[in-house]
Amino acid sequence: MAAASYFSRAMAALAGLLLLSFGSLATSQIEEQAEQFFRSGHTNNWAVLVCTSRFWFNYRHVANTLSVYRSVKRLGIPDSHIVLMLADDMACNPRNPKPATVFSHKNMELNVYGDDVEVDYRSYEVTVENFLRVLTGRIPPSTPRSKRLLSDDRSNILIYMTGHGGNGFLKFQDSEEITNIELADAFEQMWQKRRYNELLFIIDTCQGASMYERFYSPNIMALASSQVGEDSLSHQPDPAIGVHLMDRYTFYVLEFLEEINPASQTNMNDLFQVCPKSLCVSTPGHRTDLFQRDPKNVLITDFFGSVRKVEITTETISLQPDLGILESRDVGVLHWAKSESRDKEDGMDEELIEPLKYAEQLPVAQIIHQKPKLKDWHPPGGFILGLWALIIMVFFKTYGIKHMKFIF
């Protein structure tokens, strides 16, 4: 009897140990899966895109910024998470032969201005002070939400800058400049205030590599279009506009990003190779020593796209219809049908025109080698036809038909 009791207690203890071991193993597996699921460590994406140049001859810098803006929006970052700073409005410039457009290719097929561009800082609002305030969060309480960088310690931030620069500085509006020390200190404030998880800094300017030499904050990866002592060259001259449409480095980065989709597995090492010296003429540079992860394990969409954490399941989930929702929907349909018939009776029907979506344009890969379009032929207007008729009448009135044989 005692032996049976002892045996049962031993079996119970063994079963408890087995359950505990299985429980810890399951917990460790769940933690490992969760860590792999959130391997980048971020839960939201932000982008700060800055053009620092004014005046018409700097058209390409505005096109650079808008091209990156178009790409990050196409890959999923919404306008609410993009701070766009344009020092000049090229779309409304009097010299622009096609108002309300900014093109990044000489065939004028890719309008990067689009139909829904939201510029947060424009013209003389683009200053060094405002830029640093956006990064560090030191802005007045009255500042609207669209002009704030509301990031946190789980945010991956893309910062893109373009303009005229030199060794250790970038000009703003041809009246002031930001130094590499000021930029490095701003990033350190962001890190201390837990305003980013990882940060990707890209700059397209002359001697761009000098702007990331002084960085000392962790989790920063930096790219530049040129080394110290080199110029960053322009690309795609357009005789119709009289200026260059883009810079070389951003042009090839844009061409690379057009091949990326939200589910792409392309990594940062591929981005480092997009513009070799044979194409850019200058020597692009990058710095990864402050970054904790290996660039080959960092996806392009970790910075250029939005977070889409999706877990695929093979289980079938049955959804029960909500009667309240169905009834309200039926009432709404009935109300719509009545209003539609009333409009038809009154003759007030308006043709619904579906607006063109911003991303529904030809990709750059299909535009690069495309031949320019031939101009469409239009018949002469009434004024031209009337002028020719008047000339013919005067001719016959003066010379008559008898002189026609001396002309032909």
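Every value quoted in this text rests on a predicted model; they were computed, and no experiment measured them. (Residues numbered from 1 in each chain as written. Predicted model: local features only at pLDDT ≥ 70, side-chain atom pairs only at ≥ 80, totals over all residues. Heavy atoms only, no water.)

The N-to-C vectors of helix α3 (residues 128-136) and helix α4 (residues 180-192) enclose an angle of 25°; their axes lie 9 Å apart at closest approach. For the element pair α3 / α4, the angle class is roughly parallel. Every pair of crossing elements has a handedness; the one defined by α3 and α4 is right-handed. Within the contact between the two elements, α3 uses V128, F131, L132, L135 and T136 and α4 uses E182, L183, A186, F187, Q189 and M190. In terms of residue class, the contact of α3 with α4 is built from eight nonpolar, two polar and one charged. (Axes fitted to C-alpha atoms, helices over the stretch in contact; angles between N-to-C directions. Helix = DSSP H or I, 4+ residues; strand = E, 2+ residues; numbered from the N terminus. Parallel < 35°, antiparallel > 145°, perpendicular 65-115°, else oblique. Left-handed = near helix turned anticlockwise from the far one by under 90°. Contact = heavy atoms within 4.5 Å. Nonpolar A, V, L, I, M, F, W, Y, C, P; charged D, E, K, R; others polar.)

Glancing now at the pattern of salt bridges. Evaluation of the coordinates by the stated rule reveals 12 salt bridges. A salt bridge links E129 to R133, with the shortest nitrogen-to-oxygen separation between them at 3.0 Å. With E129 and R133 both in helix α3 and four residues apart, this pair spans about one turn of that helix. The exposure class assigned to E129 is partly exposed, which follows from its relative accessible area of 47%. According to the relative accessible area criterion, R133 is partly exposed, its value standing at 33%. In this structure, a network of salt bridges that share partners links the residues K73, D79 and D116. (Salt bridge = Lys/Arg side-chain N within 4 Å of Asp/Glu carboxyl O. Buried < 20%, exposed > 50% of the residue type's maximum accessible area, 1.4 Å probe, protein only.)

Side chains L170 and F172 project from strand β6 (residues 169-172) onto a buried face, and the interleaved F169 and K171 project onto a face without burial. Two strands pair when backbone bridges link them, and strand β5 (residues 165-166) and β6 are joined in this way by two bridges, in the antiparallel orientation. The residue bridging G165 from the neighbouring strand is L170, located in β6. Adjacent in sequence and paired antiparallel, β5 and β6 are bridged by two residues, among which G168 carries a positive phi angle near 90°. Taken together, the four bridges between β6 and strand β7 (residues 176-179) define a ladder with antiparallel strand orientation. In the strand pairing of β7, F172 is matched with E176. As consecutive antiparallel partners, β6 and β7 are separated by three residues, and within that stretch Q173 has a phi angle of approximately 60°, a positive value. (Pairing = 2+ DSSP bridges.)

This paragraph deals with the state of the cysteines. Note on terminology: a disulfide is the covalent bond linking the sulfur atoms of two cysteines. One pass over the structure, following the stated rule, counts one disulfide. Here C275 is linked by a disulfide to C280, with a sulfur-sulfur distance of 1.4 Å. Measuring handedness by torsion sign, the sulfur bridge of C275 and C280 sits at about 115° and is right-handed. You can call C275 buried: its relative accessible area is 3%. (Disulfide = S-S within 2.5 Å.)

This part is about the pairing of strand β9 (residues 220-224). Counting buried positions along β9 gives five out of five residues, so the element sits mostly inside the fold. Going residue by residue along β9, you find I220, A222 and A224 tucked away on one face and M221 and L223 tucked away on the opposite face as well. Bridge count between strand β8 (residues 198-204) and β9: five bridges; the pairing is parallel. Bridge assignment links F201 to a residue of β9, and that residue is A222.

Further remarks concern the sheet that holds β7. Strand order in the open sheet formed by three strands is β5-β6-β7, with antiparallel pairing between adjacent strands. For this open sheet the edge positions go to β5 and β7, each flanked by a neighbour on one side alone.

Our next topic: unusual backbone geometry. Of note in the backbone geometry, N219 takes a positive phi value of approximately 60° without being a glycine. The exposure class of N219 is buried, given its relative accessible area of 7%. At V281, a residue that is not glycine, the phi angle is positive and equals roughly 70°. Counting through the fold element by element, V281 comes out in the loop between α7 (277-280) and β12 (285-287). The class of V281 is partly exposed, set by a relative accessible area of 42%.

This brings us to the sheet that holds strand β1 (residues 44-51). In spatial order, the strands read β3-β2-β1-β4-β8-β9-β12; together these seven strands make up an open sheet with mixed pairing. Of all the strands in the sheet, the pair left with one neighbour each is β3 (121-122) and β12. Sheet strands in contact with α3 are β1, β2 (82-86), β3 and β4 (155-162), and its direction is about 170° off that of β4.

Side chains of F383, I384, L387, W388, L390, I391 and V394 sit close together on the surface and give an oily, nonpolar patch of about 730 Å² of accessible area. Mapping I391 onto the fold places it in helix α11 (residues 382-399). Residue classification places I391 among the partly exposed residues on the basis of a relative accessible area of 44%. (Patch = residues over 30% accessible without salt bridge, like charges linked within 9 Å, V, L, I, M, F, W, Y side chains within 5 Å. Areas by Shrake-Rupley, 256 points an atom, 1.4 Å probe, with all protein chains shown as cover.)

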